[in-house]
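A look at the structure
Below, each chain spelled out in residue letters.
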Amino acid sequence: GPAELGKALALKAETLSMQHKTAEAIPLFGEALKADPGNSFTKARLAAAWVSLHDNAKALPYFKEATEAAPESLEYAEAYLSALIALGKMEDALKVVASSNARFPANARLTYLKARVDDALDRSKEAEAAYLRAAAADASLVEPHLYLARLYVRFRRLAEAKPQLEEALKKAPDNAEVRVV
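Numbering of residues starts from 1 in every chain and runs along the sequence as written. Reporting in this predicted model follows two pLDDT cut-offs: at least 70 for local features of residues, and 80 or more for side-chain atom pairs to be given and counted; totals over whole chains, interfaces and linings ignore these cut-offs and use all residues. Side-chain measures here rest on the full set of heavy atoms in the structure, leaving out hydrogens and waters.

**Focus: helix 5 (residues 74-86)**
Structurally, the α-helix is built with 3.6 residues per turn, so residues lying three or four positions apart point the same way. Here helix 5 is 13 residues long and its end C-alpha atoms lie 18 Å apart, about the 18 Å a rise of 1.5 Å per residue gives. Two residues form a contact once any of their heavy atoms are found within 4.5 Å. Segments assigned H or I by DSSP are reported as helices when at least four residues long, segments assigned E as strands when at least two residues long, and all are numbered from the N terminus. In this fold, the buried residues of helix 5 make contact with helix 3 (40-52), helix 4 (56-69), helix 6 (90-103) and helix 7 (108-120). Positive backbone phi, at 75°, marks Gly88, one or two positions downstream of helix 5. For a helix, the expected span equals 1.5 Å multiplied by the number of residues minus one.

**Focus on the packing of aromatic side chains**
Between rings of Phe, Tyr and Trp, where Trp is taken as its six-membered ring, a pair exists when centres lie within 6.5 Å; planes separated by under 30 degrees are stacked, by over 60 edge-to-face, and by other angles tilted. In this structure the tally under the stated criterion is three aromatic pairs. Ring geometry for Tyr112 versus Tyr131: centroids 6.4 Å apart, planes at 40°, classification tilted. With Tyr112 in helix 7 and Tyr131 in helix 8 (residues 124-137), this residue pair connects regions lying 19 residues apart in the sequence. Exposure categories follow from relative accessible area, calculated using a 1.4 Å probe and restricted to protein chains: below 20% of the type maximum is buried, above 50% is exposed, and the middle band is partly exposed. On the accessibility criterion, Tyr112 (3% relative accessible area) is buried. Summarising the aromatic geometry, the rings of Tyr112 and Tyr147 are spaced 5.9 Å apart at their centres and angled 55° between planes, so their arrangement reads as tilted. Here Tyr112, found in helix 7, pairs with Tyr147, found in helix 9 (residues 143-154); they are 35 residues apart in sequence, far enough to count as distant. For the residue pair Tyr112 and Tyr147, the accessibility class agrees, reading buried in each case.

**Points about helix 2 (residues 22-35)**
With 14 residues, helix 2 extends 20 Å from end C-alpha to end C-alpha; this agrees with the ideal 20 Å at 1.5 Å per step. Considered for burial, the residues of helix 2 that qualify are Thr22, Ala25, Ile26, Leu28, Phe29, Ala32, Leu33 and Ala35. Each element contacted by the buried residues of helix 2 is listed here: helix 1 (2-18), helix 3 and helix 4.

**Points about the side chain of Asp36**
Along the chain, Asp36 falls in the loop between helix 2 and helix 3. Setting aside anything within four residues of it in sequence, one finds Asp36 in contact with Pro2, Ala3 and Gly6.

**Thoughts on the packing of helix 7 against helix 8**
Only the stretch in contact is used when a helix axis is fitted, and all axes are lines through C-alpha atoms; the angle between N-to-C directions ranges over 0 to 180 degrees. Two numbers describe how helix 7 lies on helix 8: the axes approach to 8 Å, and their chain directions differ by 160°. Compared by their axis directions, helix 7 and helix 8 come out roughly antiparallel. Considering the relative orientation of helix 7 and helix 8, their crossing is left-handed. Where helix 7 approaches helix 8, its residues Ala108, Thr111, Tyr112, Ala115, Arg116, Asp118 and Asp119 are matched on the opposing element by Glu126, Ala127, Ala130, Tyr131, Arg133, Ala134 and Ala137. Gly falls in the polar group here, along with every residue not listed as nonpolar (Ala, Val, Leu, Ile, Met, Phe, Trp, Tyr, Cys, Pro) or charged (Asp, Glu, Lys, Arg). In terms of residue class, the contact of helix 7 with helix 8 is made up of eight nonpolar, one polar and five charged. Roughly parallel here means an angle under 35 degrees, roughly antiparallel means over 145, roughly perpendicular means 65 to 115, and every remaining angle is called oblique. Less than a right angle of anticlockwise turn of the near helix away from the far helix marks a crossing as left-handed, whereas a clockwise turn marks it as right-handed.

**Regarding the pattern of salt bridges**
One side-chain nitrogen of Lys or Arg within 4 Å of one carboxyl oxygen of Asp or Glu is enough to make a salt bridge. A complete count under the given rule lists 14 salt bridges for this structure. Among the salt bridges present, the one from Glu65 reaches Lys43, with a minimum N-O distance of 3.3 Å. In this pair, Glu65 sits in helix 4 while Lys43 sits in helix 3, placing the two residues 22 residues apart along the sequence. One salt bridge connects Asp118 with Arg123, and the closest N-O pair in it is separated by 3.1 Å. Its relative accessible area of 0% is what places Asp118 among the buried residues.

**What to know about the nonpolar core**
Within soluble globular proteins, side chains that are nonpolar tend to cluster in buried spots. Core analysis: the largest hydrophobic core is formed by 50 residues, its most contacted members being Phe63, Leu81 and Tyr131. In terms of residue count, helix 5 provides more of this core than any other element does, seven residues in total. Sequence-distant contacts of Tyr131, defined by excluding residues within four places in its chain, comprise Tyr112, Ala115, Arg116, Asp119, Pro144, Tyr147 and Leu148. For this analysis, a nonpolar core means a set of buried residues of the types Ala, Val, Leu, Ile, Met, Phe, Trp, Tyr and Cys, connected via side-chain atoms within 4.5 Å.

If you want it as structure tokens, here you go:
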């Protein structure tokens with residue numbers, strides 16, 4: 001039936017995406033959604049394809065629909081939040097991060113994304129606290145250290161920025177974003 005056809009097309013499109021043939025994958029994801037319009041996997045993967053082409057605006061509605069259709073998916077919630085942040089939609093991001101935190105309490109990645117939102121809204125104390133919580137909650141995360149260092153540099157708190165940058169460098173020495181700071 002249509003659901004099986006939609007799944008097959010979505011998997012074929014995902015295979016193309018994994019082969020970095022995103023331009024070919026996007027229309028195939030579209031066909032998959034025509035066959036099975038409610039498939040959250042297809043919506044999320046289409047959105048991810050748009051993000052890989054640096055088009056968060058086209059990705060956003062698909063991430064939103066995928067998150068609403070599968071609220072149990074942390075991956076979809078994170079991707080939706082990241083797209084909102086990339087587009088500067090911080091008021092919307094605040095609402096999404098609040099509902100996501102309710103569904104996934106004490107998640108380090110969501111705490112980091114909340115810090116990004118607070119930082120963008122010039123709520124520096126809240127951002128600093130959330131970056132610190134995220135870094136403490138998951139030792140593998142680089143981003144909280146990096147963005148906390150940026151916050152400290154912005155406020156000329158260089159002595160506090162240095163250990164955060166050093167920690168980010170130690171965790172991800174080849175990460176270009178860390179080297180730019």
